[in-house]
Structures are given as structure tokens and as C-alpha cells.
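Fold and contact review
Listed here are the chains, written in short residue letters.
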Amino acid sequence: LQLQDGRFDIAAAFDPGQLKRASPAELARATIDQSGLPMPTDLDSLKWLGTPPLSRTPNRIAARRLYLVGDAAGYVEPFTGEGMAWALASGKAVVAIVERDLLHIDRDHSSIWPAEHRRLLRRRQWVCRLMTRSLRRPLLASLSVFALARLPSLATPYLSWSNRAP
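What comes next is a walk through the structure. From a predicted model like this one, the values you see are computed outputs, not experimental measurements.

1. With respect to a nonpolar patch on the surface
Among the surface-exposed residues, Leu-148, Leu-151 and Leu-154 lie close enough to one another that they form a single nonpolar patch of about 270 Å² accessible area. By secondary structure assignment, the location of Leu-148 is in helix α5 (residues 138-150). When its relative accessible area of 38% is taken as the criterion, Leu-148 is described as partly exposed.

In C-alpha cells, the structure reads:
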């Protein structure tokens, strides 16, 4: 994206394995070249900033009177757009445990939340991970796009399932 002052704003998500074999500038150059967009000059001289992995899982999601929900409880690479639904569902689900903490302040209820969170989101996160891994395989991604372009109804079961509240 070229900004009003002539500078370019370039952002990309590269596989960590690719970054072990090539620089961000080389990968950006290859991507821009494949897109047919005009090639910015001096890609090698740019300062490239990275981010942590796009899938995160904390070691623990609960401790005495502390419950992680939403992205704080871990997230899968943001591809399917389900993160907000997962955050709302986990926020709603933790309320009963928090109420127990408030009523029985002398007891630790934190062991309940990890199992409940897993029950609530495990299948959805597994599907999201599967989709993300599939998209990293060019042949599989191409075949999926080809099939869905010709038979969009193939996506109906997934869309129906994913649009239901967790």
C-alpha cells in the first residue's frame, strides 16, 4: 500500500519455516512479484518488524480467583474470524465458576475452568488449526479453492456449524 507521502506500508504473514530459508525482503519480493503489483524499491534496506506466532496457548488458564477468557486463554491463528465468538462464549461460561468463587471465597474453583474451556472450544479450535495447516499446503489450498469455486455448496455444512454459538 502506497501512502499519501509516497512511502509504502507493507505487511505480510510468512510461515516461520520460510523465514528460516529466506529474508522477509526476499519473501515479500516473491509475493509482490506473483501478485503483479508494482515492486517497491529498496526492499532489502527496509526495517522489518516481526510478531510472535499467531497461535498462542498459555501454560495455565486459571489460578485461584483468576480465569483467562478470550485471547488471553489462547487463540488459533486468526483466519476464520471466530475469535470474538469464542471470547464471548468463554466469558459467558466462566460466570458460573466466578459466582462459586464469590459465594465460597475460602475454596479454590480454578481447576474447573480448564476442562470447561476445553469442552467449550476444543472442536472449534481443532477445525481452525486444520484449516490453517491446510492453507499452508499450496496443492491442498488450490484444490480446495478449485472445488469450492465450482461447488460452493460444499462449504454449507462448515458454515452452518461455525455460525452456531459455541
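2. Focus: the environment of Gly-50
In this structure, Gly-50 sits in the loop between α2 (24-35) and β1 (62-63). Separated by 101 residues in sequence, Gly-50 and Leu-151 place their C-alpha atoms 38 Å apart.

3. Side note on the nonpolar core
Nonpolar side chains in soluble globular proteins tend to end up buried together. Within the largest apolar cluster, 7 residues are counted, these being Ile-61, Ala-62, Tyr-67, Ala-73, Val-94, Ile-97 and Trp-113. The residues touching Ala-73, leaving out its near neighbours within four places in the chain, are Pro-58, Ile-61, Leu-68 and His-117. Among the nonpolar cores identified, the runner-up in size contains 6 residues, and Val-76, Ala-89, Leu-120 and Leu-121 belong to it.

4. A word on the packing of helix α3 (residues 83-103) against helix α4 (residues 112-135)
At a minimum axis separation of 9 Å, α3 and α4 run at an interaxial angle of 170°. Relative to α4, α3 is oriented roughly antiparallel. Contacts between α3 and α4 pair Trp-86, Ala-89, Ser-90, Ala-93, Val-94, Ile-97 and Arg-100 from the former with Ile-112, Trp-113, Glu-116, His-117, Leu-120, Leu-121, Arg-124, Gln-125 and Cys-128 from the latter. A breakdown of the residues in the contact of α3 with α4 according to their chemical character gives 10 nonpolar, 3 polar and 3 charged.

5. Digging into a positive patch on the surface
Positive charge collects at one region of the surface, where Arg-118, Arg-122, Arg-123 and Arg-164 lie side by side. Of note, Arg-118 is situated in helix α4. Residue Arg-118 is classed as partly exposed on the basis of its relative accessible area of 44%.

Rules used throughout
- Residues numbered from 1 in each chain as written.
- Predicted model: local features only at pLDDT ≥ 70, side-chain atom pairs only at ≥ 80, totals over all residues.
- Heavy atoms only, no water.
- Patch = residues over 30% accessible without salt bridge, like charges linked within 9 Å, V, L, I, M, F, W, Y side chains within 5 Å.
- Areas by Shrake-Rupley, 256 points an atom, 1.4 Å probe, with all protein chains shown as cover.
- Salt bridge = Lys/Arg side-chain N within 4 Å of Asp/Glu carboxyl O.
- Helix = DSSP H or I, 4+ residues; strand = E, 2+ residues; numbered from the N terminus.
- Buried < 20%, exposed > 50% of the residue type's maximum accessible area, 1.4 Å probe, protein only.
- Core = buried A, V, L, I, M, F, W, Y, C linked by side-chain atoms within 4.5 Å.
- Contact = heavy atoms within 4.5 Å.
- Axes fitted to C-alpha atoms, helices over the stretch in contact; angles between N-to-C directions.
- Parallel < 35°, antiparallel > 145°, perpendicular 65-115°, else oblique.
- Nonpolar A, V, L, I, M, F, W, Y, C, P; charged D, E, K, R; others polar.
- Lys, Arg positive; Asp, Glu negative; His and termini not counted.
- Charge placed at Lys NZ, Arg CZ, Asp CG, Glu CD.

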